[in-house]
Structure formats: structure tokens, C-alpha cells
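Letter by letter, the chains look like this.
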Amino acid sequence: MVLLEVDDLKVHFEIQDGWVKAVDGVSFSIDSGETMGLVGESGCGKTTAAYAITQLLPPNGRIIGGRIFFKEPPRVAAYRKEYDEKLKESPKARQRELSRVKRKLDRVDQAIGGSAPEVEELKDRLAALNYSFDLIGLSKRKDGSLDDYNEEIRKIRWTQISMIFQGAMNAFNPVFKVGDQIVEAITLHEDVEESVARERARELFEFVGIAPDRIDNYPHEFSGGMKQRAMIALALALNPSFIIADEPTTALDVITQDRILAEIKRLQEQLKMAMMIITHDVSVVAEVSDKIGVMYAGLIMEIGQASQVFKNTAHPYTAGLLGSFPSIKGEKRRLVSIPGFPPDLVSPPTGCPFHPRCQYAQKRCREERPEGVTIEPGHVSYCHFANKLWEKLRRTA
Amino acid sequence: MKTNDAVEDKAKRPDAKELQEASIKTFQRLASGFFVTWKIYRRSFTGVVGLGIVFGFFLIAVTAQWTAPYDADFKAPAIDTFIADYASRDLPTDVNWSKVIGLTSSIKERPLERVMVYSFEEGQTIVYPVTRGIGELGEIGIEIGSPTTYVLPSGAEYLDYAHFYRSFFFALCPCEDGSNATLMEYNYDFAYLREHEVPFVPLYHSNLWNGFSPLYQEGRLALAFADEHNVWMINKRPPEITEPGIDSVTFTNSLTFPNATIVGNPLVVDGDFTNGSMLLVPTDEGIKAYSLVLTRASLTLRVLDISIDKLEWETNYTIDDEPFEPVTGNNMLKFPYPYSPTTALGKEVVAVGSTDGRLVAFDRVSGNQTWWSKPILPGIREFDILDLYSSPDYIVMVGTTGEKGLIASIDPDTGRIGGNNSYFSTVDSYLNSEPQYVRGQYRYVFSTDMGTIYLATNEMKVNATFSAPGGGAVTPASFLGNIYIEGSRTGNYFGVINAEGALFVETLTGVNIAPLPPGTYPSGNYYPLGTDYEGHDILTQVMFGTRAELLVGVSAAFFSVVIGTIVGLVAGFYPGLVGELLMRATDVMLSLPYLVIMLLFAAAFGPSLFNIIIIFAILSWAGIARVIRSVTLTTRKRAFVDAARVSGASDTRLIFRHIGPNVIPYTFLYMTFMISGAIVTEAILAFLGFGDPNAITWGMMLQFLQISGHSLDAPWWLLPPGIAITLLSLAFYLIGRAFDEVVNPRLRRR
Amino acid sequence: MAGMSRYVAVRSIQTFITLLIILTLIFIMFEALPAKPQDLLATTPNMQPSQIEYMVSLFGYDRPLSERYLSYMVNMLTFDFGISFSQAEPVSEILSERIPRTMLLFGGATVLAYLVGIYLGALIAWRRGGVLDGSSVVISLVFYNMPSFWIGLIFLVVFASELEWFPLTGWYDPTDNLPYVIDILWHVCLPMIVLLLLSLAGTVLLMRTAMLDVIGENYMVTAKAIGLPESKVLFKHGARNAMLPVVTSFIIAFVFSIGGAVVLENVFSFPGMGALYIDALFQLDFPVAQATLYIITLMVLLGNFAADLIYGYLDPRVRI
Ligand SMILES: Nc1ncnc2c1ncn2[C@@H]1O[C@H](COP(=O)(O)OP(=O)(O)O)[C@@H](O)[C@H]1O
Ligand code: SF4
Ligand SMILES: [Mg+2]
């Protein structure tokens, strides 16, 4: 079942000399219990995409377009897609349809009432037409900024979606005890006694492998790895259905990195949570992801099941990225780093953003932005020549 | 290590070309560094504004001499800042008023008691008692009581009031048949006493002098009348010389000039009879001088009688034997101040003007020409001499130039205009009154045809005017006298009747109305921001104040930053005991209430800009020392890693080569903040009375505002210096903030 | 809490040493003055011979420098300030009347400035880039650079002279027919508002900068991410941290504010220590000037000590 669906998300940042197109049309979906890895070089917009989901964007961030559906019932999703297909580019028709459905619902509701299947269906249709499960729709203001403290999103935060932050080192407020910060999160959303919450915090500490009595310590009394674990504990505090881990291992030494990854794996196995793991380090996702999205310059380049992307690589960028990291699996691979630098997102390259660095680039690549090319079910590559290249790329890899 | 360095340097001594290239490179680096700095700096709008403001103030400071409306020490003339106090009474409008006279019953102090208005034509006389009262602006002023009306003979041509024991009036009426005139005498209460027949119709009369002098406790009055060919003189004695209680006036004797024609007022010189009194008669042939014979009582030496004696000398109108055309008329001859022989001694000349603008003086005793001159009036090409008057120090020349009146103080020794030809003024029209010499702050009072009363100094600088409200005066302004209270002279009072027929009595102790609000004033000056209490133009002061402000700000900040940087560098470079001690000292400095201590220093060392600069520097280096220390600490760590240390650079070299460049931007940054602080601090010290009294600073302007008691009612004075302080201080602060973003990139995103 | 008490002990000792150093500095400064107390005493018309004798023996004006220093230090530390040269009254009596007034003015303004400034600065930084931010920053900058006496005068003109909302001068005026305390508050109001505004400007700017630093911190994102409402993120997590550097700079604010109080007391004819101090300086009333300077410094030091304690309470990282 689809838990989260991101549809054509565009997030830009307003800066002095223009707009940083940090995320410029990203779509993906994550099923319940599934782990997706989002990889890409630093600065390609991964964190921004994640922050858009939880609406934690900095104030100069603007949602330029797109929707994020969270926990949308499958039938609503189906209707929504159906409508989107049918009413494409015709807001008026959509409006008409909306009022028609509304009227019908009123009528039917009065006639039959209750939870009759017909009423349910109409309700779902209405929800689909209204994009009722779109998180962005709840908060978006006219200028694209988010009313990101609204009640709806606050209720979803941490109870449904929690995050392990990129800078987990500093994710705890230095003036409060770590335990108290976990307790704060729990008591904020659940009507429990503080002692109960404290007990929960101790359990969480134990779960992530920290001595429970450390909950009365201040963050500066923790080591880096401990802080990261504590962060995980905090993320688990309310048993969310979805956790975003943003570079969970980046600032850590190799040994601690391994431990944290093991921790995450344990989470997946024991708690069956859906996760999105963001990293610039392919080896991390390789280990823990079911599904992989490769991002470059604010766009998804390739997306698919982990095995598909790794084995049947169908995008030159993915190939380059995989080449630049040694595999954890120990297979000997050549370390090829991609020549050149990621583009400036204020004025990204036209067409395929990767074309200035792509060895296969053609004239077309400079002019047209590639559409998704489905290589195999669930495996899409955004390269004009994906079909031609993937054989070759696999060979190179 | 040092020797190493030297050897190395010598070995690598670059040749000229290399040096040139190197310097070009350095310059390019500097230029590009500057450019980069500016590019970042420019992004801060407020920083650019701050830079603009500082630049503007700098321009003002440099060009104040030429751009300020006035000189640095300019003061508005009293004509603008002073308002005479007055009281007024409406007079009957069907009467043609001629004269305002002040009356007193006491000859000694001559306090002003009553004011009399009189009409020659109608004989109408109204007398008002006057007392000291509260003036229009809350100052000591004048109050006019209820009037008494008298009728005196009409058609009188001469009327004056003698300050004499049991004072008298003389009313001289040309009798109806036109033959003779009668001199009528009244007492103080306007009771008719007696009359004397004058054997002709007088055209001229002498200066009426009453011979009061310390030597002769009472008065002595002599008055000469003249027509074209006769001079006739009367003499009034004090009562006890005749019969007690009865005053007497005696006819003295007369002169006749059958061939010559009298052309001006006779002049009696030496009115208190000590130095050989004389009667001078100007005729068309020349000046004829007669001695006056005084008959004295043997014991008391009192003058019993006066008679005209022999001709002492006569002179014709020549200058160096060349004839000239004299200015004839009522006041054509002048002897310096006939009433006061002590001041006239050594200047005993009789002056007469010529129609071509020259002055000639004859020795009073011999009649020989002592000097002649053609007065030079800078800026005035042509003028005519009308009358000559006298005062203790000068001969006062009254004339005209074009439509304007002219008055000048002539040095009786040389005939030149006093003060290197500067003691003169032009006034709005012809003078219609004698410039009356008044002891006290304002030396002369006179009025013009336009009805303006002028007050001028001994140097003939007009320092106040009084225009009777409601139109020009119809009578000459006349000095009425003083009102005394508790033995102190409280003011000189003047009277005038304006065109609407109202009597104005005004006092010269009026009100200083400065600080003046912005505007144009009687002198014609425009004060764009008004003036302060002493009449200094505010805009001028603010503009000149910029100099001291920038001087104090920049140099105080400079010294404080130098101290701070050195302390910080040393503390950062030797973080051990030395650094620790220095930082403790810094902490102590930081916790000193520096303003409070600065006041103590300022009190101790005395107020001067230099002291303020030093005090500021000594007390406010601590903040920067801290910052420089931390910068030094971090760069030092880096520098150690650098090859410099490894290749054996000395500590000083390390400091100057490596740490210096990193520290300088901070030094500069804090200097801008310090300037801003120093400017405000100077203002505060000055305001509290610890400023440099010799410098024009904005703080001093505000202190003067406070101590002159105008802080609540002179916003034009309160606001500009404060705004200037705030602006300049703010400007430097803004520069600091903008530059901070260059130095600390962390801040840029904001 | 053992950390805390050790911290308190260390800070008290440091404060005491600083006090000793400052006292010594004050002594040196007064010794360096060209006027000597003996000469002043000889010419003071108000003092009785017995009082003069007392002062000479108390401060040892006729004894060598080292003894003078000792008796001075002892006298200051025991708050025995002797007799005022100009008023021939015990300095402590004069001071005891004045200290509470200045404490009220200066303490009240400083504490209020901090409370309001921290709140406002946090809020402004939170809404950065907006009209509120821009205008507050500009206003604060302007106030920060204004000479205190001048803004005092302007307030006097506008609010006391023109609008007559507040009395022009003084401390208490029985003819106002107001209860004693109310009347005093009414008199203190205007100078306090001015001092408040002046101190506020610096605090707001400081707090804003600190808050802007804090806003970029990761824990702020965490606070938001766990679903806290905006006010809690802003104040509990944001302002709480941003306060730390602001509290550290308390000493600077104290020094600034006491300077402001001294000046404003003169502008508002407020009979506090500042006015007393200036008068004493002009009259070369050594004992009063010395004692006032000492008390003012002491107030600053104690205020800073309190700030340090607050800091220790606020920031767990320093209590080690
Ligand atoms: N607040 C911001 N304002 C302007 N640009 C930003 C902001 N945050 C991120 N960016 C830019 O957006 C792009 C994407 O950033 P981010 O999502 O953090 O990348 P990633 O997480 O993949 O490293 C980068 O180019 C970054 O510089
Ligand atoms: S579209 Fe063109 S440029 Fe882009 S990845 Fe494919 S081949 Fe390279
Ligand atoms: Mg990131």
C-alpha cells in the first residue's frame, strides 16, 4: 500500500540574485514498511525534498508546485489519478465535476445515509477531487510559502512522520536534558503523565543501546554516536509510520557508521516502519534500501528497486555515482569519479541537467528535458537514451 | 634567528624590475582586495547610506569656512535678538502731536516720573505718570498711569524741559503780530510762573545746557537764542542765590551782527564753567567765538551770573586757506561733548562739516584749524553731512546716503571715522532726532523718518531697533529718563508717538528674544535653523561643530583601537601568564562604569578636546582587545602550521606578516564602532559640563541650551545638534555593521 | 548541582578580586587629582573643626601613601565613607537616601530592558525580513546611537512640557495629592522610559543577532519537527538559547545603562546618585564622589555577578 506519494514536487529558494531551484519536479512513492534510499551528490536537493514533506523549509523556501499525499487510501488515490487523467488542464471541468459530486453526495447521503458503499465511494471521489490527503494543500499559502505551523501538519509531525536529521550532532537543544526533550515530544502528542513518558524515554534509550539513566544528561555530555542514537530514539518516540533519515551516518567515524546502520536495519526488521534514507553515499543505501531514487540537480535521474538500479543501471549519472564509491559488498569496482561539478541551481542547465558532465550527451540532451523511460516495471530512468544505454552501462559497471 | 633572516633577505634582495613588478602585484592585490571588499560591502544598503552620511559630514567639515552661512564666531546683532519693552496709550487723534518729554522732580538722579506729550500747534499737553512694571515678555518693563491734561500756549516753537531744581518749562511763542517772541516759564506742576520777552523771533537756539556738576551741587541754566543778526542769552539761577523759594531767570546780554548773517545754532561750550566757557556763533563770514564771563560767589564759587564777553577769535570757512562751503543749520558746529569737560580735554576742537563731505576742526581756544578730513565710509560712495553732535568719545556725524540715513562716530583727534573707518551704520531713513547719548549698554538712541528707533553702540553698530507698532513715528524719539528702584538704574526709557497717534514708552532693558526661531530678521539676516541664546546661528555652529566632532571621534577611536589591538595581540600571542593577566585587566576595564569614571578624569584634567580624546582612549580599549586576542589566537594556530614558523621567522615577523593582516580588518571594524561611541561620549561629557569651552561641538551647543534654560522652548536649537550627533554616530555604526559582514561572512545571509 | 555551587564560588571570588582592583584604581585616580583633600578641607566653610579632624583621622590624609591606601580600602569595604565636604553630613546618610532612587531607575530600566528586549529581539529575528524587522532594526540603531541626554530632553519637551503627561522634574511632590508610592512612580516614569528605550535598543539588536544565529541551528528544526507550536519553538527553544550571549554581555549593558542613568538624572533633575556624583565632582566633594563612584561600580559588579549566576543557570555547559 502506498504510504507516501510525492508528485511533481518543486521547491525553490529565494536568494539575492534569483531562485535556487533546489527541487524541480520530483516524483516518487513509498509503500508502507518500505525503505527508499535517496542518493545524490551533496547539494542536489535531497534534504530540501525531505523538508518539503515535513514542511520544515527555511523561510525563503517556496513550494512552486506539486503534491505530497500521505496515507491516502488506495481508492482515493485511484480516483485521483483517474480524475487527473480525465480533467487534465481544465480547472473548470474539475470545478464542475466537484460540484456535481457534491450535489450527488448530498442527495445520496440523504436518500441512503450512513456508510453505504455508494456514499463511501462518493466521499472518496470528493476527497480525490479535493486532494484531501495532500499535505502541501493543507499549508500552502498563495505565494508558495507554507503555513508550516498549522494544526494539521503539527499533528502529523512526529506522530506519523519523524526525522533523523542530517546534523544530528546538534539536533538536541544544548540547554535541555536529552531525556527531557524526548519527554517533551511524547507529552506534546500523547496525553500521558510525565513519569510514563520518562519511562518510555528510558525504554527507547535502551532500545537504541544507551544506558537508560543517561536521559538526565545534557547533549554536550554525549558522544557523537550517542547523540545519533539518541536522535533515533527521539524519532521513534511516538512510533511513527514513516521515518526520514537524512544522512544518518555522515558525520560519524566508520565504526560508528556501521553501528548506526545496523541500528537502522534492526528498526526496519523489528518495527516495520517505512523509511526514507537520504545520503550521498551509495554504499549506505545499498545496504538498507528496498528502493532507490537517484537525484541530480533537483531532479530524479533514476528510480527503481535497489536491485534494479544497482544491477540494471540505466542512467549515466547513476553509473558515475556507483563508480565513485567502493562497494561494501567487496566486489572490486573501478573508482570512476564523474568529471566536472554539479551545476549551479540558480541557473541549471537546460534539457537534461546532467548533460554538461555526461559523456553520452547529444544535442537533444541540451534542449529537451528527458521524460521518464520505463526500463522494467518500477524502474524508470530519466535519460533520452536510457533504452539504448542501459545495456552498455551495465557492462561498464 | 634574526641574523638568519637578514642573511636570507640580503641573498634575495630583488633588483629594481622585480621590485617594480612586486609592487605592481601588491597594488593589484590591494586593488582587487579593495574591490572585492567593496562588492560585498555595497550589498548593505545601510552601510552605503552610512558611508554617504560620513562623507557628507566630512565635506561639511572641510568646507564649513565657505559654505556655512556665517563665520564660526558670528553672533546675531542685537537688532535681531533684542526687543525693547514698551507700553502704549492711545492719544486724541485730532491733535498734531509734536513732542514727547520725560519729566522728573529730582535733579540729582533724574528718575523718570512722568511723560508729557505736547502739540506745538494746539498747545495740548497730556501728562502720564509712569512706573516700572512688568513688560510684555514678563520682563521688567513700564506701566503708564492715568493722564492729566493741561493747555499750554499754542504755536510754541521751542519747548524744552530743564532738569533743574524745581524744574521749568520754557514755551517760546512767536507772538501773533510776528514781531517778538515770549519765553514763558512754568513749574513742574504746570503752574505759570513768568514770562520773558525775546526781542526778536528766534530762528536758532543754543544747546540748552543745565550746568549741573558735582562741583556745584545745584544747576545753572543758560540758553541763547538767535535770529539772523542777534544773539540773546538768558540765565537761570538756583533759588537760594536769589530769594529762597523763588526761582529767577535773568536776561544776560546780547550780541548784534549788523553785517554778518547767523547761519546756525550758537554753541555754548564747557557747560559747567570750569575751563573757560565760550559762546560760538556760526555766521556766513565764519565762526565767531566769545568768552563767557561767570560771576561767582566768593566762598562757594557758585556761578551767580553769566555774561557774554569779548570776541576771543574768529575764523572763516577755509581749509588750508582754501574756502569751503559749510553745512549750515541747526547743528552745524560741534564741540565734543560740552557737558563733560573731563572727557573733552585734549580734544578741544570745534568741528564743522562742508557740503562736499569734509570735516574741519578748529582749536577751541585759538580758533586755528587743527585738522580736516574727508571721512571714508567703506561701501558708500557718496554721502551728505547734515548735522554734527557730540558724545564723550566722539563727534557724531549724521548724514544721508541716497534714501538712507547715515550715522558715524568721528574721532575728535583726527576727524576720521573711528575703528579704522568702521564705526558707522546706515539706517532706514533720515534721522529725525538728535542721537541721544545714554549711559549704559546702548550708547545712542535716535529715530528716523520711518519711525524706527535705533539703539547703537559707541562704535555706531546698530544693535536693536524698535518700531512702534502701528506705523512710523511722527515725533522724534526722545530720551525720557530712567526709573530707579532701590537705587539701581533699571532702564532707560524712550518715548515716541506713532502714526496712529499712540504714545509708546519703551525701555532699553527690554528682552533678549534669542534664541531666535528660524527666519529672516530686521538686520536682513536669515537664520535657517534659528539661533541660540547668544545669537549664534545654529546651522553655522552645527557645520563648524562637525570638525571637532570628527576630530574627537576619529582620534579618540584611533588611540583606543591602537591600545586595544596591542593588548589583544600580545595577549593572543602569549596566551600564557602574560595573556592571562592582560585579559584579567581587560575584564576589569570592561566592568568599569567608564562614563562615570570619564567624568572624574574630565573633572581632574580639565575640559579640553585633547583630554577627552585621551580619556576615551584610556578607558575604552577593552572590548577590542578581547576580539583581537581571539582573532590572534586562531590565526596564530594557523600561522604555526605555516612554513613561516618552520623556516625560522621571529615572533615580531610572525605578528606583522601573518597575524597583522588578519587582525587589521577587525581593528578597522572596531574603530568605526569606536568612533560612533566617542562622538556620543564627547557629547555627553560636554553636556554634563565637562566639555571644551573653547571648541564648537554639538555637545557644547546642547549644554549651552540646557544652562541657558531653553531646553523646553527652543526645538530649533535642541534638535539640530542632537540629530547631527545621532546621524554621524549612526553613520559610523552602519559602516561598522556593513563592514562586519565583509569581515564575518557568517553574517552575510541576514 | 555541585557544579553550580562551585561555579557560584568561583564567580564570587572573581567578583571580589575585581572589586579590590577597581577600588584600588579609584584610589589611584583620586590620589592623582591635582586637588588634595587636606587643602579642600582647610577651605571648606561648612565643616566643624571636629569633623575635619575626624575626616583626617578616618582617611589618614596626613599619613603616608601606604597607610592612606589601607585605611581607604578598609573604609570602603566597611562602607564607612566619612563626612561630605560640602554638606558636612555623613556621606552614608546622603547616599542611603539616593541609592534606592537610582536603583529604582537604573535597576528597573535595565531589568525591563532585558525582559522586553529579549522578547522583542527574538520576535523580530523570527519575523526577519519583514516590515517589523526592518523598522525595529532601524529604530533600535537610531536609539542606540542617540546621546542619552538628548533623547531625554526631547521626551521632557514632548511628554512633560507639551503634553504634560508626566512631571517635569524631581522625585516626589507632595502637592500632587497622590499616594507617596504612586507619585514616585509617576516621577520615575519618564526617565525610566528613556533609559529603558536606550538600553532596549542595544538589547534588541543583540538579541536579534543572537536569535538569527540560533534560528539556523539544527535543534530549532528538531523543535519544529516534533510538532511544537510556533510560540514554543520561538521562545522555549529559540529565545532560551539566544539569551545566552545576551546575558553574557550583561556587563556591557550595565555599564551602558548606569552611564545613561547618571546622565538622565541630570536631565530630569532626578535626585539620585548620578546627580549627586556630578555635583560632588563640581564641588570637589571628595568623600561623596569617591563613595558614589564606588557604589556605582559595586552595583555594576553585583549586577554582573547576578547575570553570571543566571547564565550559569541558563547554560548547563558552563557549570562544570
Ligand atoms: N535556505 C536556502 N536558501 C537558498 N538556497 C538553499 C537553501 N537551502 C538549501 N539551498 C540550496 O538548495 C540546494 C539543495 O540543498 P539541499 O537540499 O540541502 O541539498 P542536499 O541535501 O542534497 O545536500 C543547494 O544548492 C543549496 O545550496
Ligand atoms: S539525457 Fe543525455 S545528457 Fe542526460 S543523462 Fe541521458 S545521455 Fe546524458
Ligand atoms: Mg542534505
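Residues numbered from 1 in each chain as written. Chains lettered and ligands numbered in written order. Predicted model: local features only at pLDDT ≥ 70, side-chain atom pairs only at ≥ 80, totals over all residues. Heavy atoms only, no water.

1. Regarding the sheet that holds strand E7 (residues 274-279) of chain A
All names here are of chain A. Across the sheet, 8 strands lie side by side as E5-E6-E7-E3-E8-E9-E11-E10; this open sheet has mixed pairing. Edge strands, defined here as strands with exactly one partner in the open sheet, are strand E5 (161-164) and strand E10 (373-376). Here the strands of the sheet are splayed against their neighbours by 20 degrees on average, with no regard to which way each runs. Bridge analysis of E10 against strand E11 (residues 379-381) gives 3 bridges, and the strand direction is antiparallel. Looking across to E11, one finds that Val373 is bridged to Ser381. On the sheet, helix H13 (residues 316-323) packs against strand E3 (35-39), strand E8 (291-296) and strand E9 (299-305) and is oriented at approximately 100 degrees with respect to E8. (Pairing = 2+ DSSP bridges. Helix = DSSP H or I, 4+ residues; strand = E, 2+ residues; numbered from the N terminus. Axes fitted to C-alpha atoms, helices over the stretch in contact; angles between N-to-C directions. Contact = heavy atoms within 4.5 Å.)

2. Things to note about the confidence of the model for chain C
All names here are of chain C. Per-residue confidence for chain C gives a mean pLDDT of 84; residues scoring 70 or more make up 95%. Per-element averaging of pLDDT across chain C places helix H2 (residues 37-43) at the bottom with 74 and helix H9 (residues 218-225) at the top with 90. Scoring the predicted complex yields pTM 0.72 and, for the interface, ipTM 0.89. (pLDDT = per-residue confidence, 0-100.)

3. Details of H13 of chain A
Taken across its 8 residues, H13 of chain A has 7 buried, putting it largely inside the fold. Pro316, Tyr317, Thr318, Gly320, Leu321, Leu322 and Gly323 of chain A are the residues of H13 of chain A that are buried. (Buried < 20%, exposed > 50% of the residue type's maximum accessible area, 1.4 Å probe, protein only.)

4. Notes on a nonpolar patch on the surface
Taken together, Val111, Leu112, Leu115, Val116, Tyr119 and Leu120 of chain C make up a surface patch of nonpolar side chains, about 510 Å² in accessible area. Looking at where Val111 of chain C falls in the secondary structure, it is placed in helix H5 (residues 91-126). (Patch = residues over 30% accessible without salt bridge, like charges linked within 9 Å, V, L, I, M, F, W, Y side chains within 5 Å. Areas by Shrake-Rupley, 256 points an atom, 1.4 Å probe, with all protein chains shown as cover. Salt bridge = Lys/Arg side-chain N within 4 Å of Asp/Glu carboxyl O.)

5. Focus on the pairing of strand E24 (residues 359-363) of chain B
Residue and element names in this part refer to chain B. For E24, the buried fraction is high: 4 of the 5 residues fall into the buried class. Here strand E23 (residues 349-353) runs beside E24; their pairing, made up of 5 bridges, is antiparallel. When the bridges of E24 are listed, Ala351 appears paired with Ala361. Between the antiparallel neighbours E23 and E24 lie 5 residues, among them Gly357 with a positive phi of about 85 degrees.

6. Details of the site of ligand 1
Residues and elements named next belong to chain A. Near ligand 1, the surroundings consist of 14 residues, among which Gly43, Lys46, Thr47, Thr48 and Asn60 are the closest. Cys44 is positioned with one of its backbone polar atoms (N or O) 3.2 Å from an oxygen atom of ligand 1. Here Lys46 contributes a backbone N or O atom positioned 2.9 Å from an oxygen atom of ligand 1. Within the complex, the protein chains bury 70% of what would otherwise be the 550 Å² of accessible surface of ligand 1. Of all the secondary structure elements, the ones that give two or more residues to the shell around ligand 1 are strand E1 (2-15), strand E2 (18-31) and helix H1 (46-54). Sorting elements by how many residues they give to the shell around ligand 1 places H1 first, with 3 residues. Partitioned by chemical class, the residues of the shell around ligand 1 number 7 nonpolar, 6 polar and 1 charged. (Near = heavy atom within 4 Å. Polar contact = N/O pair within 3.5 Å; in protein donor to acceptor, adjacent residues only side chain to side chain. Nonpolar A, V, L, I, M, F, W, Y, C, P; charged D, E, K, R; others polar.)

7. Details of the site of ligand 2
Around ligand 2 sit 13 residues, and of these Cys352, Cys358, Cys365, Cys383 and His384 of chain A come closest. By residue class, the composition of the shell around ligand 2 is 10 nonpolar, 3 polar and no charged.

8. Here's the deal with the packing of helix H9 (residues 594-605) of chain B against helix H11 (residues 250-267) of chain C
Where H9 of chain B contacts H11 of chain C, the two axes come as close as 7 Å, and the packing angle between them is 50 degrees. Here H11 of chain C runs oblique to H9 of chain B, going by the angle between their axes. Along the contact surface, H9 of chain B presents Tyr594, Leu595, Val596 and Leu599 of chain B, while H11 of chain C presents Val255, Ile258, Gly259, Val262 and Val263 of chain C. Taken together, the residues of the contact of H9 of chain B with H11 of chain C sort by class into 8 nonpolar, 1 polar and no charged. (Parallel < 35°, antiparallel > 145°, perpendicular 65-115°, else oblique.)

9. Let's talk about the sheet that holds strand E28 (residues 404-410) of chain B
Sheets are built from strands that pair by backbone hydrogen bonding, the pairs being arranged parallel or antiparallel. All names here are of chain B. Taken in spatial order, the 4 strands of this open sheet run E26-E27-E28-E29, and their pairing is antiparallel. Pairing within the sheet leaves two strands with one partner each, and these edge strands are strand E26 (384-390) and strand E29 (424-427). Across the sheet, the mean angle separating the axes of adjacent strands is 20 degrees when strand polarity is ignored. Sheet analysis places E28 next to E29, joined by 4 bridges and oriented antiparallel. When the bridges of E29 are listed, Ala408 appears paired with Phe424.

10. Some thoughts on the nonpolar core
Soluble globular proteins tend to bury their nonpolar side chains together. In this structure, Phe28, Trp158, Phe165, Phe242 and Met276 of chain A together with Phe149 of chain C are the most contacted members of the largest nonpolar core, which totals 313 residues. Counting residues per element, this core draws most heavily on helix H13 (residues 651-690) of chain B, which supplies 17 residues. In terms of nonpolar packing, the next biggest core, distinct from the first, is built from 20 residues, Ala351, Trp371, Ile395 and Leu406 of chain B among them. (Core = buried A, V, L, I, M, F, W, Y, C linked by side-chain atoms within 4.5 Å.)

11. Section: the side chain of Lys291 of chain A
Structurally, Lys291 of chain A is set in strand E8. Residues in contact with Lys291 of chain A, not counting those within four places in the same chain, are Ser29, Glu34, Thr35, Met36, Gly37, Gly304, Gln305 and Ala306 of chain A.

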